[in-house]
Amino acid sequence: MRVLASLLLLAVWLARADAAAETCRSAGSFAWSAVTQGAWSDCTPSADDLFQIRAGHAVDVTGDLRQSGPAAGVRVDAGGTLRARVADDAIVLALGGAGLTCWAGSTCELRGGYRAFGGVRPRTLPAQATASYLRVGDVIPCPGVDASGALEPDCAGALATPGDRTRVRFAYAAPPRFVVDGLARVRADDGAGAGEDVLCFFDPDPADAAAPPDAGYCYRVTGAAGGDPAWIELDVRQSGWTGRDSNFPIARRLPVQLALASGVAAGAREIAVDGSLLGAGEDGLHEGAWIHFQADAEPCGDGDTIPCRVAAHGHRILDARDGGPGAPDRLRIGDLRGVARAAAAGETAWILVGGWSTGDPISVWTPVVVRSASAAPGDAPVVVEGTAALRAVWFDDVGTVTLRGTSLAVAEARDLWLAGMSTPVATSASLVLFNTFGAHLRLDHVTITGGHRAGAGADRLHGIIHPAGFDTRLELRHVAIRHAGDDCVTSGSDDVQIDVVRLRCQHASDDAQSASALDASGAPQGVVTARDVECVRCSEPGGFAVNTVASVAMEVDGLLVWGGRTRVGGLGARLTDVVALGAEPGPTDAFVYGDVERFVLRELVLGGNAPIASEDGHVLRDGIVQDVATGGAIAFPLRGDAALENVALVDVTTTAECAGTCATLRLGAAAPLATFRRITAAWTPALALDVPNESLPDRALHSNAASHADVAVDGLLVTGLQKAGAIALSLSNEQARQTAWGGGPCFHDDALDFRAVLAPDLPPTTVRFLAPGYADLARGRVDALPGGVADAAGCGIERGVAAPGVRHRFLHAVSRLAPERMADDADFDGVPEDAYAEPCAAGAVEGCSDNCAAHANPAQADADGDGAGDACDVACANGADDDGDGFADFPFDPSCADADDASETRGDVACDDGLDGDGDGLVDVADPGCPSPTATIEDPACDDAADNDGDGFVDFDDPECTAGSPYAERRRGCGLGAEIALACAALRRARARRRPIERLPHR
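Scoring rules and cut-offs
Residues numbered from 1 in each chain as written. Predicted model: local features only at pLDDT ≥ 70, side-chain atom pairs only at ≥ 80, totals over all residues. Heavy atoms only, no water. Helix = DSSP H or I, 4+ residues; strand = E, 2+ residues; numbered from the N terminus. Buried < 20%, exposed > 50% of the residue type's maximum accessible area, 1.4 Å probe, protein only. Contact = heavy atoms within 4.5 Å. Areas by Shrake-Rupley, 256 points an atom, 1.4 Å probe, with all protein chains shown as cover. Patch = residues over 30% accessible without salt bridge, like charges linked within 9 Å, V, L, I, M, F, W, Y side chains within 5 Å. Salt bridge = Lys/Arg side-chain N within 4 Å of Asp/Glu carboxyl O. Lys, Arg positive; Asp, Glu negative; His and termini not counted. Charge placed at Lys NZ, Arg CZ, Asp CG, Glu CD. Pairing = 2+ DSSP bridges. pLDDT = per-residue confidence, 0-100. Core = buried A, V, L, I, M, F, W, Y, C linked by side-chain atoms within 4.5 Å. Disulfide = S-S within 2.5 Å. Polar contact = N/O pair within 3.5 Å; in protein donor to acceptor, adjacent residues only side chain to side chain. Phe/Tyr/Trp six-rings, centres within 6.5 Å; stacked < 30°, edge-to-face > 60°. Lys NZ or Arg CZ within 6 Å of the ring centre and 35° of its normal. Axes fitted to C-alpha atoms, helices over the stretch in contact; angles between N-to-C directions.

Caption draft 1: How the structure looks around the overall build of the protein chain. Within the protein chain, the secondary structure is distributed over six helices and 62 strands. Sorting the 1003 residues of the protein chain into buried and exposed places 57% on the buried side. Across the protein chain, the fraction of contacts at a sequence separation of at least 24, relative to all contacts at a separation of at least 6, is 65%. For the protein chain, the exposed surface amounts to about 36200 Å²; the carbon and sulfur share of it is 54%.

Caption draft 2: Geometry of a negative patch on the surface. On the surface, a cluster of negative charge is made up of Asp864, Asp866, Asp870 and Asp873. Following the sequence through the fold, aspartate 866 ends up in the loop between α5 (810–815) and α6 (981–994).

Caption draft 3: Quick peek at the pairing of strand β35 (residues 440–449). In terms of burial, β35 is a largely internal element, eight of the 10 residues being buried. Examined bridge by bridge, strand β33 (residues 409–419) and β35 share five bridges and lie parallel to one another. Opposite tryptophan 417, over in β35, you have threonine 447 as the bridge partner. The pairing of β35 with strand β37 (residues 473–482) spans nine bridges and is classified as parallel. Across the sheet, leucine 443 pairs through a bridge with leucine 476, a residue of β37.

Caption draft 4: Looking closely at the confidence of the model for the protein chain. When pLDDT is averaged along the protein chain, the result is 83; 83% of the residues meet or exceed 70. Counting contacts from residues 970–1003, a segment whose pLDDT is below 50, to residues more than four positions away or on other chains yields 23 contacts.

Caption draft 5: Structural detail: the nonpolar core. If you look at the biggest cluster of nonpolar residues, it comprises 129 residues, and the most contacted ones within it are Trp32, Val370, Val625, Phe636 and Leu729. Not counting the four nearest positions on each side in its chain, valine 625 is found in contact with Phe599, Leu601, Ile612, Phe636, Val647, Ala648, Leu649, Val650 and Val652. Counting residues in hydrophobic clusters, the runner-up holds 34 residues, among them Cys142, Leu183, Cys300 and Leu352.

Caption draft 6: Representation of the state of the cysteines in the model. Counted by the stated rule, this structure contains 10 disulfides. Two residues share a disulfide in this structure: cysteine 200 and cysteine 218, whose sulfurs sit 2.1 Å from each other. In this structure, the disulfide formed by cysteine 200 and cysteine 218 twists by about 110° around the S-S bond and is classed as right-handed. One end of the pair, cysteine 200, is in strand β19 (residues 198–201); the other, cysteine 218, is in strand β20 (residues 218–225), with 18 residues separating them in the sequence. Shown here is the disulfide that connects cysteine 746 with cysteine 795, its sulfur atoms set 2.0 Å apart. On the S-S bond that ties cysteine 746 to cysteine 795, the torsion sits near 70°, and the link is right-handed.

Caption draft 7: Spatial organisation of the side chain of aspartate 146. Take aspartate 146: it is sitting in the loop between β16 (143–145) and β17 (151–153). Of the side chains with opposite charge, arginine 169 lies nearest to the buried aspartate 146, which makes no salt bridge, at 13 Å. Separated by 2.9 Å, the side chain of aspartate 146 and the backbone nitrogen of alanine 150 make a polar contact.

Caption draft 8: Representation of the packing of aromatic side chains. Scanning the model with the defined rule gives 13 aromatic pairs in all. Ring geometry for tryptophan 32 versus tryptophan 40: centroids 4.9 Å apart, planes at 65°, classification edge-to-face. Ring centres 5.9 Å apart and planes at 80° place the aromatic pair tyrosine 219 and tryptophan 356 in the edge-to-face group. Here the residue tyrosine 219 occupies a position in strand β20, and tryptophan 356 occupies one in the loop between β27 (348–352) and β28 (361–366), the gap between them amounting to 137 residues. For the pair formed by tyrosine 219 and tryptophan 356, the shared burial category is buried. In this structure an aromatic cluster arises from ring pairing among Phe30, Trp32, Trp40 and Phe51. Directly above the ring of tryptophan 394 sits arginine 371, whose terminal nitrogen or CZ lies 5.2 Å from the centroid.

Caption draft 9: Region of the structure containing the environment of isoleucine 362. Mapping isoleucine 362 onto the fold places it in strand β28. Along the backbone, isoleucine 362 and leucine 199 are 163 residues apart, and their C-alpha atoms lie at a distance of 6.8 Å. Residue contacts for isoleucine 362: discarding those within four places in its chain leaves Ser132, Tyr133, Leu134, Val136, Phe170, Tyr172, Leu199, Cys200, Phe201 and Phe202.

Caption draft 10: Geometry of the sheet that holds strand β25 (residues 315–321). With respect to topology, six strands assemble into an open sheet ordered β22-β27-β24-β25-β26-β23, the strand pairing being antiparallel. Two strands close off the open sheet at either side, each with one partner strand: β22 (256–259) and β23 (270–273). Each strand axis lies, on average, 40° off the axis of its neighbour in the sheet, ignoring direction. For β22 and β27, the ladder comprises four bridges, and the chain directions are antiparallel. Residue pairing for β27: leucine 258 is matched across the bridge by alanine 349.

Caption draft 11: Main features of the pattern of salt bridges. This structure, assessed with the given rule, holds 57 salt bridges. For glutamate 603, the salt bridge is made with arginine 269, and the minimal N-O distance between the two is 2.9 Å. In this pair, glutamate 603 is assigned in strand β47 (residues 595–605) and arginine 269 in the loop between β22 and β23, connecting sequence segments 334 residues apart. Here the two residues glutamate 603 and arginine 269 agree in accessibility, since each one is buried.

Caption draft 12: Region of the structure containing the sheet that holds strand β54 (residues 699–703). Spatial ordering of the open sheet is given by β49-β52-β54-β57, a layout of four strands whose pairing is parallel. The open sheet has two edge strands, β49 (634–638) and β57 (727–730), and neither has a second partner. Across the sheet, the axes of successive neighbouring strands diverge by a mean angle of 15°, strand direction being ignored. Here four bridges tie strand β52 (residues 663–667) to β54, and the two strands are oriented parallel to one another. Along β54, the bridge assignment pairs leucine 667 with serine 703.

Structure below.
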């Protein structure tokens, strides 16, 4: 019997093994709720099988499918349909090694949902809406428990129960009921595939220039509670559920707790911290991350009942330097305004991957999760060739997501997160668009984090690659990529048509291959347009943040380059509103290529012989170059018909010793058609303390040109060139006579303005020895003060709204930078917004800052004298929750029609009057009795804590109560008169007795 039993067990095992190699074919249309269920033929369904959905069959996934084995996966034939639509909680597709393939002619629809946190009862919404937004509460990193049992953040591990450095908690004090209810329904991911919800930082109004610093990035939810206290927790690693670290170094993502080594004054940019932060060779480790101070002065970890909190305003780190053994390490923040408040020595600070602040908008998805069932690299690739509809999908640790083929039709692709993607292929990407000839593809809100390849070539994983697809138009909207690897978005060998809006690209290290944000250099021809591109630590020496060739026209409107070692532009590029901060390019060519209008280049160290710009026929206009050390002897070696117009050059030096001619501006030997118009070349007195004398230039403007017949110099201002033997203007008499002079030139405080013999050949407008006067040279305010001698002579850069720099836009919002423009005028009312000037008093329009930057108010009226112009004294744009309903301003408060709406309430409507009309402690849309802000009764029968219809159920536990009809606990149709009221009540009671177990869930 034992032998027989053993044989039977062996037969069962062999049957299962045989089943593992089976292909299950659909036998019709059905709902698929578990991998072993459904109408399948030709197999005994098991987790190891390959499931094939045939033509004419539609399979609706209604529950989690969990596979295993290298051959397992899902195939959808032409004419077949696979649908996974989230109704309440997330749906998980854990695929075997074969992954998911939707062949040409098939339809694959994956639609997740969104948790509700405002304005509606808790439920899963099918699309993003105002009700799906949740604002960040108090930020508490690494929450642990101290000796008294109180929750405290401690990344250093000193608490009784040390905090988990992979987690950050957002805590809520007395949140409205709808927030409590929404958080209570959030499903936390435990990292082992058992939980599903995703937290994403979202921009509710992408049409404006505002955005939270982490806009576009998604994180796994690791915990949530809707009680007291209410909180939600996220995993900062952004890696897949298998726990793979991916090749974005963990040290760049985990919170770091540290102590300030010395006090920090408000407005300071240098921060001394505990010397254990950085080790030898770790300079630059935290570039692009954020430092947050403690929210209050009370020590962390002291047993407080209120956890230690992060201050509301973080500061982005531009540079991090090891101080050496026994010395503090030093951080420099990127914002010229410095830190927002003073901090004392010993105070706790944290370095976080994001700049999270209380009040930032977030969205919590209940996604369709598509993940690999194993941890093997390259497992479970996703390939779509038919019609795709993708919304709120989390692709988690799958090999690669590929959209390919001439029949590809993307009906919808938005809110996608690709985390921990992995591939063994030599050169690939997390998202591949391949052979999409003639297609028009649009992808909205795509997040790519991590990315992994085992073995050689691990640094060559792109974010999005479009390798081939003649006549394909690709639109990318709101794409955020955080990984170490190759380019974030790159084209292939066919003609390209790419249009990008808001691309954020953050690389991990200097070892990544190429590492551009946007690279179209492989295409033979085409057009690329991009608006608002961020490239943090773009890192190939000599590479480009945005790259193109002469045959591919590229226009980029808004570019931020932060740290790293790269260049800006390309031979076919036209760039507008460019900010490059703290970059350290490799030893190749020039830093800037192409035509550039409105730019700021600050705190750069250029390697090799790299000048700032050197191009024939290109124009650089309206720019600020400050604290830049060039790689060679010439900062701007212009030739041909190049032009430099309205540009300030402040404290430009060289990394090499100046030997021979060392100039800031130089015309080449070939006969040029060059223009220098409204140029300021200035050196501050403090510069001599920071750089060796031999690193200072000998000339401000020098020419090797044989002829100046086509050279124009208009409004040149040179001041502070104090190096011994230096000459501000180095021209021959013949060159000076041939030059077309405009205003000026003007000189002040130079070692030598020009040789005496040159004086007769300079124009009579030349000004010397009179100080120009600047608004604030140390903070980049290099425009001369109105009414000064330089202003009167027309020398130096223009002031007012024509002054150079970069207007406020998305890149400033996500890095919390003040726009480095002498005067902006975003509302076009003729009064500039000035970060360093006081708001205009009522009626003043000059020498002050626009007192209402968001709305045009040319008269600067301020009737109540509160410093905010009348145009900004509107309830829907003042940053306050005026009606106390838990929402502040447009678009969050449903009572606000737009940002100009003067009231957050509608006083003639009970559910929008800012009052607790029924005395239940809830106001307006926070009260479940208010289905919308237009409802006229705040205390309907379904929200009065009474069983009005006597059926044993109260309020929304009553099946008759729905969100759409909260005003009666009884169904209509039984109201024929008082004479049968008792009969109706009896019928309801009888019905309730018949079906008590059919009670609808509290949604």
